[in-house]
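Coordinate inspection notes
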Amino acid sequence: MSDSQSTDSGSISARTDIAAARRIVIKVGSSSLTTLDGGLDEAKLIALTDVIGAHRSAGHEVILVSSGAIAAGLEPMGLNKRPRDLATQQAAAGVGQGLLMAAYTRALGRYDLVPGQVLLSADDLIRRTRYKNAQRAIDKLLALGTLPIVNENDAVATEEIRFGDNDRLAALVAHLSHADALVLLSDVDALYSGPPNLADSVCIEQVSSIADLGDIAIGGTGAAGTGTGGMATKVEAALMVADSGIPAVLTSAEKISAVLGGQHVGTWFSVTHKRRGTRLLWLRHLARTFGSVTIDDGAESAVLSRGTSLLAAGVTGVTGDFEAGDPIEIRNLGGEVIARGMTNFSSQELPGMFGMSTDELGTRLGNDYRKEVIHRNDLVLTHVSGGR
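Keep in mind it's a predicted model, so treat the numbers as computed, not measured.

As for the nonpolar core
Residues Val-150, Val-173 and Phe-269 are the most contacted members of the largest nonpolar core, which totals 39 residues. Going through the elements one at a time, strand E2 (61-66), strand E3 (115-120), helix H5 (128-143), helix H6 (166-176), strand E5 (181-186), helix H7 (230-242) and strand E9 (248-252) are the ones with two or more residues in this core. The residues touching Val-173, leaving out its near neighbours within four places in the chain, are Val-25, Ile-63, Val-65, Leu-120, Ile-138 and Val-150. Formed by 34 residues, the second largest nonpolar core is a distinct cluster that contains Val-51, Ile-52, Ala-181 and Ile-256.

Details of the UniProt feature "binding site: substrate" (unreviewed entry) in the chain
As annotated in UniProt, the feature "binding site: substrate" (unreviewed entry) corresponds to Ser-67, Asp-154 and Asn-166 in the numbering used here. Within the fold, Asn-166 resides in helix H6. Excluding residues that lie within four positions of it along the chain, Asn-166 makes contacts with Lys-27, Val-65, Ser-66, Ser-67, Asn-151 and Glu-152. A polar side-chain atom of Asn-166 sits 3.0 Å from a polar atom in the side chain of Ser-67.

Thoughts on H6
For H6, the buried fraction is high: 11 of the 11 residues fall into the buried class. Along H6, the positions that sit buried rather than exposed are Asn-166, Asp-167, Arg-168, Leu-169, Ala-170, Ala-171, Leu-172, Val-173, Ala-174, His-175 and Leu-176. Just beyond H6, the residue with positive phi is His-178, at close to 55°.

Focus on the pairing of E9
Counting buried positions along E9 gives five out of five residues, so the element sits mostly inside the fold. Bridge count between E5 and E9: five bridges; the pairing is parallel. Paired with Ser-186 across the strands is Ser-252, a residue of E9. Pairing of E9 with strand E10 (residues 267-269), which is carried by three bridges, proceeds in the antiparallel orientation. Paired with Val-249 across the two strands is Trp-268, which belongs to E10.

Criteria and thresholds
Residues numbered from 1 in each chain as written. Predicted model: local features only at pLDDT ≥ 70, side-chain atom pairs only at ≥ 80, totals over all residues. Heavy atoms only, no water. Core = buried A, V, L, I, M, F, W, Y, C linked by side-chain atoms within 4.5 Å. Buried < 20%, exposed > 50% of the residue type's maximum accessible area, 1.4 Å probe, protein only. Helix = DSSP H or I, 4+ residues; strand = E, 2+ residues; numbered from the N terminus. Contact = heavy atoms within 4.5 Å. UniProt positions renumbered as here; feature names shortened; annotations may be inferred. Polar contact = N/O pair within 3.5 Å; in protein donor to acceptor, adjacent residues only side chain to side chain. Pairing = 2+ DSSP bridges.

Written out as structure tokens, the structure reads:
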């Protein structure tokens, strides 16, 4: 699919459409906001807000997902590089978040724009009640004419419930806000077939499916060493939103004006699937799995071809240690992961249920067992042939 072809998944189907988009999510990384010494570079921040301010003045809605809180806190705390331990990262975020927002407030004030800080954790976006609260908060900030600035709540997030980078956070924010497009900014102007500094590396102008990425070598953190995501998580975020009906552009902060003007810059990620529910988006791309079940050929065909729930009758094995409600993988007899889902039973319960029909389970083990191992509404395909 070329980036000029339309899809049935959204109103934005080509780069030129971005210029007229009603709502855009822009994600800027630490490497685009900090100096090589790790401090906040206000000149870079002002250059970014100049473009955003002009775009807002032209009548468009912008949600900014901004890294930089930890990086902004390094210099005041006397640190010369990003700390590795979570406690020091949290301390740096606590110091840097205020400095970062103060800088944005000064810069956006020149356009009579007021920033509204939204601090989110992964837990806020995978639990329905908290997800709705985050959605309402961002919608209200936009309705009141402010500019929402979203960041991960690094100061309180734990290793188990944190994103670890703002690229995937930006993808979920684009999803929850029903954005028309996601723009991912870094210190590289596009995705390349290899390290951009090598002469034989070629700019990849468009990604229509994950197959287009082939054996591309995707790099890590930026030159300042202040980021956590690198190019790999940006590509992952772009693929995530494209898989849920939202196109994405990956380019450098210096080219943000050209992107918002609909110019042909960066790497365009075409929409590959209609909009997914948030739970399934999280389950397919972000959920930490705690184990897996192996299923027979009949169950594999039913899950892949007919979109059915997974029943105990088709389960032949279990690995890992998990409880009811945990995300797990579903593997075929060849060991290939074909789906992910939220299990209704623990790894200790399942071995005694292998091969039984739902009625047999109810008769032998009680009515609490008269249900699917994974209901179809809590199951998402990861197999290359598709995904609900």
